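Reading the structure
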Amino acid sequence: MQGQIIKIISDLHVVSCDGELYLCKCRGIFRKDHIVPLVGDYVIFHPEKKVIEKILPRKNEFCRPRVSNIDQAFLITSLIHPDFSLSLLDRLIVLMEIHHVSVVICITKEDLLTQEQLADVYQQLNYYRQLGYSVVSNQDLEKIKELIRGKTSVFTGQTGAGKSTLLNRLNPDWNLETGEVSLALGRGKHTTRVVSLFELYDGKVMDTPGFSALDFYGYSKDDIREAFIEFQQFPCPFKNCTHTKEEECSVKRAVFENHIMSSRYQNYLKFIGEEEK
Ligand SMILES: Nc1nc2c(ncn2[C@@H]2O[C@H](COP(=O)(O)OP(=O)(O)OP(=O)(O)O)[C@@H](O)[C@H]2O)c(=O)[nH]1
Ligand SMILES: [Mg+2]
Ligand SMILES: [Zn+2]
């Protein structure tokens, strides 16, 4: 039978199929061949033997969090505790662009900011909206429900940003564990420990463990450059320009003329390891 892995707890894989759940192990050969099942994987399994026999080809896969077959990512972005960071936001957007996952920027903890602070943040986020990314607040439940419909979405973001809290609000039956944020450290305590996939509003959502830092492994400078989608609006006269050195580079000019947000360009330089001197 064919099903989907919705949770993995050590060597037990919870496979969902036609509304039933099956607790399966993997065929021994998987380990030998270094095949690691992920939450989101579509699998062929044996319902009586409770064994996963085959993993079907993935649309995409991530190592942190360990998930596959994602259409859309909700980047759960706290405005304070943990602090708002455009650098983290850009990092996550780059990852999603590289994996062809659509981006929803979902901000949380608006209630803890003053009107002035909020206006500043929204001004910055407006730039992202103009690039075509959806921007919502965790208060906009109706908008979020619309975005979830018909897709598989992963909720990702820093520990303590409010992923599980928002999912509980979307479906009060779930009662996912949520945690306090340490005021001393300004971050959460890794309350969610495993990835879980749930069905919701004709779509699927995944709650994932948050992180405190996020690095790029194994992505080329070219991948990272392509992921800054606005650069394409300013075609460079130089072939394969890295937009770092050439005086006449049109991306550099666009930054200078404020058509490209300066923090975006600075983050690009940071990510490719060419911080401006
Ligand atoms: N004031 C305020 N607090 C919020 C909001 N959203 C979440 N919180 C609080 O933030 C804390 C952390 O929320 P969680 O939902 O556990 O965060 P998480 O992103 O799931 O964290 P991990 O599971 O550790 O990755 C909890 O105390 C929530 O009550 C919000 O919009 N406003
Ligand atoms: Mg959580
Ligand atoms: Zn250039």
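Residues numbered from 1 in each chain as written. Chains lettered and ligands numbered in written order. Predicted model: local features only at pLDDT ≥ 70, side-chain atom pairs only at ≥ 80, totals over all residues.

Some remarks on the overall build of the protein
Of regular secondary structure, the protein possesses 8 helices and 13 strands. Relative to the compact-globule value of 19 Å for 277 residues, the protein shows a C-alpha radius of gyration of 20 Å, a close match. Dimensions along the principal axes, computed over C-alpha positions, put the protein at roughly 65 × 45 × 35 Å. Counting over 277 residues, the protein shows a buried share of 32%. Summarising the internal contacts of the protein: among those between residues at least 6 apart in sequence, 65% fall at separations of at least 24. (Helix = DSSP H or I, 4+ residues; strand = E, 2+ residues; numbered from the N terminus. Rg over C-alpha atoms; globule rule 2.2 N^0.38 Å. Buried ≥ 20, exposed ≤ 12 C-beta atoms within 10 Å, placed from the backbone. Contact = placed C-beta atoms within 7 Å.)

Quick look at the site of ligand 1
The immediate surroundings of ligand 1 are formed by 24 residues, with Gly162, Thr165, Thr178, Thr192 and Gly210 found nearest. Per-element accounting of the shell around ligand 1 gives the leading share, 3 residues, to helix H5 (residues 163–170). Counted by class, the shell around ligand 1 contains 5 nonpolar, 15 polar and 4 charged residues. (Near = placed C-beta within 6 Å. Nonpolar A, V, L, I, M, F, W, Y, C, P; charged D, E, K, R; others polar.)

Quick word on the pairing of strand S10 (residues 134–137)
Two strands pair when backbone bridges link them, and strand S9 (residues 102–108) and S10 are joined in this way by 4 bridges, in the parallel orientation. When the sheet's bridge partners are listed, valine 104 is paired in S10 with serine 134. Considered for its hand, the β-α-β crossover made up of S9, helix H3 (residues 115–130) and S10 is right-handed. (Pairing = 2+ DSSP bridges. Right-handed = clockwise from strand over helix to strand, strands pointing away.)

Overview of the pairing of strand S1 (residues 2–9)
Summarising the sheet, S1 and strand S4 (residues 42–46) pair through 3 bridges and their orientation is antiparallel. Bridging across to S4, glutamine 2 finds its partner in isoleucine 44. Sheet topology places S1 next to strand S2 (residues 12–17); 5 bridges connect them, and they run antiparallel. Note on S2: the bridge partner recorded for isoleucine 9 is leucine 12.

Things to note about the domain arrangement of the protein
Examined at the domain level, the protein breaks down into domain 1 (2–56), domain 2 (62–207) and domain 3 (221–271). Of note, the centres of domain 1 and domain 3, computed from C-alpha atoms alone, are 43 Å apart. (Domains from an automatic or database assignment.)

A few points about H3
With 16 residues, H3 should cover 22 Å at 1.5 Å per step; its first-to-last C-alpha distance of 22 Å lies within 8% of that length. At the exit of H3 stands glycine 132, carrying a positive phi of roughly 110°. (Expected span 1.5 Å × (residues − 1).)

A look at helix H4 (residues 141–148)
Three or more residues of H4 are buried, namely Ile144, Leu147 and Ile148. Across the axial projection of H4, the buried residues extend over an arc of 100°, all falling on one side. At its buried positions, H4 is contacted by S9, S10, strand S11 (152–156), H5, strand S12 (196–200) and strand S13 (203–207). Immediately downstream of H4, the backbone of glycine 150 shows phi near 75°, a positive value. (Arc of directions from axis to C-beta.)

Describing the packing of helix H2 (residues 86–98) against helix H8 (residues 262–271)
Between H2 and H8, the shortest axis-to-axis distance is 10 Å and the interhelical angle comes to 65°. Between H2 and H8, the angle falls in the class roughly perpendicular. When you trace H2 past H8, the crossing you get is right-handed. From H2, Leu86, Ser87, Asp90 and Val94 reach across to H8, where they touch Ser263, Arg264, Asn267 and Phe271. Residue composition of the contact of H2 with H8, by class: 3 nonpolar, 3 polar and 2 charged. (Axes fitted to C-alpha atoms, helices over the stretch in contact; angles between N-to-C directions. Parallel < 35°, antiparallel > 145°, perpendicular 65-115°, else oblique. Left-handed = near helix turned anticlockwise from the far one by under 90°.)

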